[in-house]
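A structural walkthrough
Listed here are the chains, written in short residue letters.
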Amino acid sequence: MASPPQFVRSDNVVSRVIAGETLIVPVRRGVADLACLYSFNGVGSTVWEALQKPRTVDELVGVVESTYAVSPEQAREDLAVFLNEAQAAGVVQVVPSESANP
């Protein structure tokens, strides 16, 4: 049985917390791409902090649920949107499954 996918921050970004907001800047060919600056609110910043190491969606739901007054269903729905958009932007990636490499 395959294990659930894990998500982690991309290696090709730098991030800083400024005035309570997390700012993410992709790095392309060794240079910061300031045309693609991303900003996360409090919940996004909490998720970003958790993504320092690989996490499953269930683990992230637990982080959001324990930090904010939100149902697991709402947390899961919001995380799906966040993770899809973050992957499309290249700031979050899926950790390759060990079972995919026999």
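Residues numbered from 1 in each chain as written. Predicted model: local features only at pLDDT ≥ 70, side-chain atom pairs only at ≥ 80, totals over all residues. Heavy atoms only, no water.

Turning next to the sheet that holds strand β7 (residues 92–94). Across the sheet, three strands lie side by side as β6-β1-β7; this open sheet has antiparallel pairing. Each end of this open sheet is capped by a strand with a single partner; those strands are β6 (55–56) and β7. Two elements, strand β1 (residues 6–9) and β6, share two bridges in a ladder whose sense is antiparallel. The partner of glutamine 6 across the bridge, within β6, is threonine 56. Contacts from helix α3 (residues 72–89) reach β1 and β7, with the element oriented near 100 degrees to β7. (Pairing = 2+ DSSP bridges. Helix = DSSP H or I, 4+ residues; strand = E, 2+ residues; numbered from the N terminus. Contact = heavy atoms within 4.5 Å. Axes fitted to C-alpha atoms, helices over the stretch in contact; angles between N-to-C directions.)

Attention shifts here to the pairing of β1. Examined bridge by bridge, β1 and β7 share three bridges and lie antiparallel to one another. Bridge pairing links phenylalanine 7 to valine 94 in β7.

One full turn of an α-helix is made of 3.6 residues, so residues set three or four places apart face in the same direction. Along helix α2 (residues 57–67), the residues classified as buried are Leu60, Val61 and Val64. The buried residues of α2 all sit within an arc of 105 degrees when viewed along its axis, so they share a single face. Residues of α2 that are exposed and angled more than 90 degrees away from the buried face: Asp58 and Ser66. (Buried < 20%, exposed > 50% of the residue type's maximum accessible area, 1.4 Å probe, protein only. Arc of directions from axis to C-beta.)

Here six bridges tie strand β2 (residues 13–18) to strand β3 (residues 21–28), and the two strands are oriented antiparallel to one another. The residue bridging valine 14 from the neighbouring strand is valine 25, located in β3. In this structure, the hairpin formed by β2 and β3 is closed by a connection of two residues, where alanine 19 is found at a positive phi of approximately 55 degrees.

Turning to unusual backbone geometry, a few remarks are in order. Not every positive phi belongs to a glycine, and alanine 19 is a case in point at roughly 55 degrees. According to the relative accessible area criterion, alanine 19 is exposed, its value standing at 81%.

Let us look at the nonpolar core. In terms of nonpolar packing, the biggest core is built from 18 residues, with Leu51, Val91 and Val92 touching the most fellow members. If you list the elements that add at least two residues to this core, you get α1 (42–50), α2 and α3. The element that contributes the greatest number of residues to this core is α3, accounting for five residues. Aside from chain neighbours lying at most four places away, what touches valine 91 is Arg9, Ser10, Val13, Ile24, Tyr38, Phe40, Trp48 and Ala86. (Core = buried A, V, L, I, M, F, W, Y, C linked by side-chain atoms within 4.5 Å.)

Time to look at α1. Every buried residue of α1 is accounted for by Gly44, Ser45, Thr46, Val47, Trp48 and Ala50. Its side-chain oxygen placed 3.1 Å from the backbone nitrogen of valine 43, asparagine 41 serves as the N-cap of α1. (Polar contact = N/O pair within 3.5 Å; in protein donor to acceptor, adjacent residues only side chain to side chain.)

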